[in-house]
Amino acid sequence: MLRQFPAASLSLWNPSQKGVGFGMGKLKKPEFLSSGSYSHQLKIRHVKIQNNGPKTSGIFCYSGQRPGRRFNSKKQESSPQNVDLPPVTPRKKKKPYPIPLKKILQASRADKKLAEMGIEKPLEPPKNGLLVTELIPVAYEVLDAWKILIRGIAQLLHVVPVFGCSECSEIHVAHSGHDIQNCHGSTSSKRRSFHSWVKGSINDVLLPIESYHMYDPFGPRIKHETRFNYDRIPAVVELCIQAGVELPEYPSRRRTKPIRMLGKKVIDRGEIVKEPEQQLSVDSTSSMVDFDTYRVLERFGAPTELEVPIIAQETLWAYEKVRWGVTKLMSKYTVKACGYCSEVHVGPWGHNAKLCGEFKHQWRDGKHGWQDATVDEVFPPNYVWHVRDPKGPPLRSALKRFYGKAPAVVELCMQAGALISNKYKPMMRLDIIIPESEEASSVA
């Protein structure tokens, strides 16, 4: 005879009732299940239950649950087999905020509340204009690695050929350009989206992201009419200068007293210091030549065959060093980027030069839409297609989904004989066998 429990609790079942009962009951883990992990299982056991009276035996059906076992979960998360290719950001759309908008609004409301109460905004270095002493050696290391990176790329370009499209920003590191039809230039429709390849330069591999140099980043903003009074230097160099690097050509104000802010308004910038005259022309003997890519192929000649792998390994080390240092400096120092174009400004606020010509710039009168910058905007990786055989047949559009990508500097150094890190291999898709063009349609 079958009976059903009157409720979902075993304590409400009358032990005097005879027969086999089926129902739902909540039991603790040590009572029926062994220690260890759980799994979905159904068990039938003969147990004894005492409910304020004599013990009664019965047959019960119960189930347990435990999370599924994951073997080598840490190893799989640390080194994935393949990762997706970097997404192509649409030009007719604003970049996403690196910090969630909800947190930005919360911080803004907190600052406004303090300002209404007359309480100054609490600032820590470098937000208050003072230097972070522990990051000064990091800035010097980044600047030294930046010089090695420029010199190494210039020497490798004499050995490894690089091609760039004359109509778009696509580049390719191989002995010939690829045949992938992804050109979006002005005349791409006439060429069926094939690229128009020309010989590439160092600015194609190392994208020139420049910023205005300011003697006092916390001083008056750069206006559109006064923009020619300020020099434009690489954003990485400007970041290092503001982090404590001393360059005679580009001096920077070093404050001894912190600035004071009430909300968004600066109420105390310190005493007025006259900005020294800047050198508008840089001589060939100046140290700033080493930080710029201007005519760098003429300054550094082609290396010998034995020197190529050594230079490639040093260049790859310098690339990772610069990226590591920029990430560390940007964790403290503020860098702004336009949400519509590639303009970058190193400082607490953006400039007011009306130079933006991207999506809906007419609505903003050419002004930039400033937001917090990311490392990829200050030091862009510039991904290119990975070529397994540089002297082999060119890449084709039919097999595009089997190809991988890598940063341009990494691809250049790899083809020159450098040993790359494992973090670049998942995006290169080295474990995927590239089929023939006739077999591509049959691959799942």
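Data block above holds the structure.
These remarks concern the structure in this document.

## Side note on the sheet that holds strand 13 (residues 344-346)
Two orientations exist for strands paired in a sheet by backbone hydrogen bonds: parallel and antiparallel.
Thinking step 1. Here we have three strands laid out as an open sheet, ordered 13-12-14, and antiparallel in their pairing. Across the chains shown, the open sheet's two edge strands, defined by having one partner strand only, are strand 13 and strand 14 (370-372). Between one strand axis and the next, the sheet turns through 35 degrees on average, direction left out of account.
Thinking step 2. Bridging between strand 12 (residues 335-338) and strand 13 involves three bridges; their strand directions are antiparallel. When the sheet's bridge partners are listed, Ala337 is paired in strand 13 with Val344.
Thinking step 3. Lying over the sheet, helix 6 (residues 235-242) contacts strand 12 and strand 13, oriented at roughly 15 degrees with respect to strand 13.

## So, the sheet that holds strand 5 (residues 162-165)
Thinking step 1. Read across the open sheet, the three strands follow the order 6-5-7; overall the sheet is antiparallel. The open sheet terminates on both sides in strands that have one partner only, identified here as strand 6 (171-173) and strand 7 (197-199). When the angles between neighbouring strand axes are averaged without regard to direction, this sheet yields 35 degrees.
Thinking step 2. Where strand 5 meets strand 6, three bridges bridge the pair, whose relative direction is antiparallel.

## Here's the deal with the pairing of strand 11 (residues 265-268)
Thinking step 1. Inspection of the sheet shows strand 10 (residues 260-262) paired to strand 11 by three bridges, in the antiparallel sense. Bridge pairing in strand 11 links Leu262 to Lys265.

## Observations concerning the packing of aromatic side chains
In this description, a pair of aromatic rings is defined by centroid distance and the angle of the planes.
Thinking step 1. Under the criterion given, the structure shown has four aromatic pairs.
Thinking step 2. Taking 6.2 Å as the distance between ring centres and 65 degrees as the angle between the ring planes, the aromatic pair formed by Trp146 and Phe379 counts as edge-to-face. In this pair, Trp146 sits in helix 4 (residues 136-156) while Phe379 sits in the loop between helix 9 (375-378) and strand 15 (383-385), placing the two residues 233 residues apart along the sequence. Residue Trp146 shares its accessibility class with Phe379, and that shared class is buried.

Cut-off values and rules
Residues numbered from 1 in each chain as written. Predicted model: local features only at pLDDT ≥ 70, side-chain atom pairs only at ≥ 80, totals over all residues. Heavy atoms only, no water. Pairing = 2+ DSSP bridges. Helix = DSSP H or I, 4+ residues; strand = E, 2+ residues; numbered from the N terminus. Axes fitted to C-alpha atoms, helices over the stretch in contact; angles between N-to-C directions. Contact = heavy atoms within 4.5 Å. Phe/Tyr/Trp six-rings, centres within 6.5 Å; stacked < 30°, edge-to-face > 60°. Buried < 20%, exposed > 50% of the residue type's maximum accessible area, 1.4 Å probe, protein only.

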